[in-house]
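Fold and contact review
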Amino acid sequence: MRLIFMGTPDFAVPSLTALHDAGHDIAAVYTQPPRPAGRGKAVRRSPVHEAADALGLPVRTPERVKRDNAAHEAFAALNADAAIVAAYGLILPAAMLAAPRLGCLNIHASLLPRWRGASPIQSAILAGDARSGISIMQMDEGLDTGAVLAEAAVDLAPDETASTLHDRLAALGADLLTRTIAQPLHATPQPSEGVTYAERLTRDSGRIDWSRPAGEIERQIRGLTPWPGAFTLWNGMVLKIGAATLVSGSGEPGTLLDDTLTVACGTGALRLSRLQRPGRAMMDADAFLRGQVIPKGSRLG
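Here the structure is a predicted model, which is why all the values come from computation and not from measurement. (Residues numbered from 1 in each chain as written. Predicted model: local features only at pLDDT ≥ 70, side-chain atom pairs only at ≥ 80, totals over all residues. Heavy atoms only, no water.)

What to know about the overall build of the chain
The number of helices and strands found in the chain is eight helices and 16 strands. Projected onto its principal axes, the C-alpha coordinates of the chain cover approximately 65 × 45 × 35 Å. Of all 301 residues assigned to the chain, the portion counted as buried reaches 48%. Long-range pairs, those at least 24 residues apart, make up 64% of the contacts in the chain between residues at least 6 apart in sequence. Of the roughly 14200 Å² that the chain leaves accessible, carbon and sulfur atoms contribute 52%. Of the side-chain charges in the chain, 30 are positive and 30 negative, and the distance between the mean point of each set is 6 Å. (Helix = DSSP H or I, 4+ residues; strand = E, 2+ residues; numbered from the N terminus. Buried < 20%, exposed > 50% of the residue type's maximum accessible area, 1.4 Å probe, protein only. Contact = heavy atoms within 4.5 Å. Areas by Shrake-Rupley, 256 points an atom, 1.4 Å probe, with all protein chains shown as cover. Lys, Arg positive; Asp, Glu negative; His and termini not counted. Charge placed at Lys NZ, Arg CZ, Asp CG, Glu CD.)

In structure tokens:
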């Protein structure tokens, strides 16, 4: 097929590579423009941009497309059979959705209609879902409301993090996409029952409220690893929490119950097993405590 690929982050790279390896004609790759990133704010190209360059594919990086008629015409002029969209980051207007012969197909990281929206991977872990997966969806003008062409599910491990689930679903999405477009497309409308929405995450989404049950906080830690990261404050210092274990215990929420980083929650307790101080790497609790003592009775908040 003659395809347009539209994606930006690491999640989209396996699908781009799989389409190229399968022999499809990728007329153009659309991705977000290079932007400052990291501590030094050096301008960096997106992971998809880097992958497309390595494959020798033409890359387009428009700042916006929604109201740009010239961009719509340039997109339509590619005469694509379909556009494949994977976490592109820009909203496509009706003119672009309708331009390819088979429309635009989205690789979405949930089992629709559960977790429409911006953070489906994290939301599945935060909610304690037993399963997640990939949906290949025929895009329309709604927020992930299009008919579904194919789905594939995975079970979530007890220690699943957003990072591990991201990598599993990125690989699954590439496989499901190539199998789906290799045969005639049949779309099934999404059911009206079971719709949930995944909110856009911010850095403050990671702040731990110790008055919540320990199970919810443990899922928050896993669901927000690596970004934005769960964190708490101790004596004004930001402590990132990389992992924790559910344990028995009770006390005033946020209070350390011992000298080994067991923290009382609204219900139950958590033993912090990986932490990070400002300017340091994430480390195991034993190593952390060798350089920073947080005694029993201390309050986190």
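Some words on unusual backbone geometry
Cis geometry is found at the peptide bond from Leu112 to Pro113, where omega equals 15°. Within the secondary structure, Pro113 sits in the loop between strand E7 (104–108) and strand E8 (116–117). Note that the residue after Trp227, namely Pro228, is joined by a cis bond; omega there is 0°. Inspection of the secondary structure assignment puts Pro228 in the loop between helix H7 (214–223) and strand E12 (230–234). Its identity is not glycine, yet Asn79 carries a phi of approximately 50°, on the positive side. Mapped onto the secondary structure, Asn79 falls in the loop between helix H3 (69–76) and strand E6 (82–86). The phi dihedral of Asn235 falls on the positive side, at around 50°, and the residue is not glycine.

Notes on the nonpolar core
One finds Phe5, Leu16, Ile134 and Leu169 to be the most contacted residues of the largest nonpolar core, which totals 36 residues. Broken down by element, this core gets its largest block of residues, seven residues, from helix H6 (residues 162–180). The residues contacting Leu169, other than those within four sequence positions of it, are Phe11, Ala109, Ile121, Ser132, Gly133, Ile134 and Val154. With 22 residues, the next largest nonpolar core counts Ala214, Leu239, Leu256 and Ile294 among its residues. (Core = buried A, V, L, I, M, F, W, Y, C linked by side-chain atoms within 4.5 Å.)

Regarding the sheet that holds strand E5 (residues 59–60)
One open sheet holds the seven strands; their spatial order is E5-E2-E1-E6-E7-E9-E10, and the pairing between them is mixed. Sheet topology places E5 and strand E10 (148–155) at the edges, where each strand pairs with a single neighbour. Bridging between strand E1 (residues 2–7) and strand E2 (residues 25–30) involves five bridges; their strand directions are parallel. Across the sheet, the residue bridging to Phe5 is Val29, located in E2. (Pairing = 2+ DSSP bridges.)

Brief notes about the pattern of salt bridges
This structure, assessed with the given rule, holds twelve salt bridges. One salt bridge in this structure joins Arg2 and Asp25, with 3.0 Å as the shortest N-O distance. Here the residue Arg2 occupies a position in strand E1, and Asp25 occupies one in strand E2, the gap between them amounting to 23 residues. With a relative accessible area of 30%, Arg2 lands in the partly exposed category. One salt-bridge network, held together by shared partners, links Arg45, Glu50 and Asp53. (Salt bridge = Lys/Arg side-chain N within 4 Å of Asp/Glu carboxyl O.)

Some thoughts on the packing of aromatic side chains
Two numbers describe a pair of aromatic rings. These are the distance of the centres and the angle of the planes. Overall, the coordinates contain one aromatic pair when judged by the stated rule. Residues Tyr30 and Phe75 carry aromatic rings whose centres are separated by 5.6 Å and whose planes lie at 75° to one another, so their mutual orientation is edge-to-face. Taken as a pair, Tyr30 in strand E2 and Phe75 in helix H3 lie far apart in primary sequence, 45 residues in all. As far as burial versus exposure is concerned, Tyr30 and Phe75 are alike and both buried. Above the plane of the ring of Phe288 lies Arg277, whose end atom (NZ or CZ) is 5.5 Å from the centre. (Phe/Tyr/Trp six-rings, centres within 6.5 Å; stacked < 30°, edge-to-face > 60°. Lys NZ or Arg CZ within 6 Å of the ring centre and 35° of its normal.)

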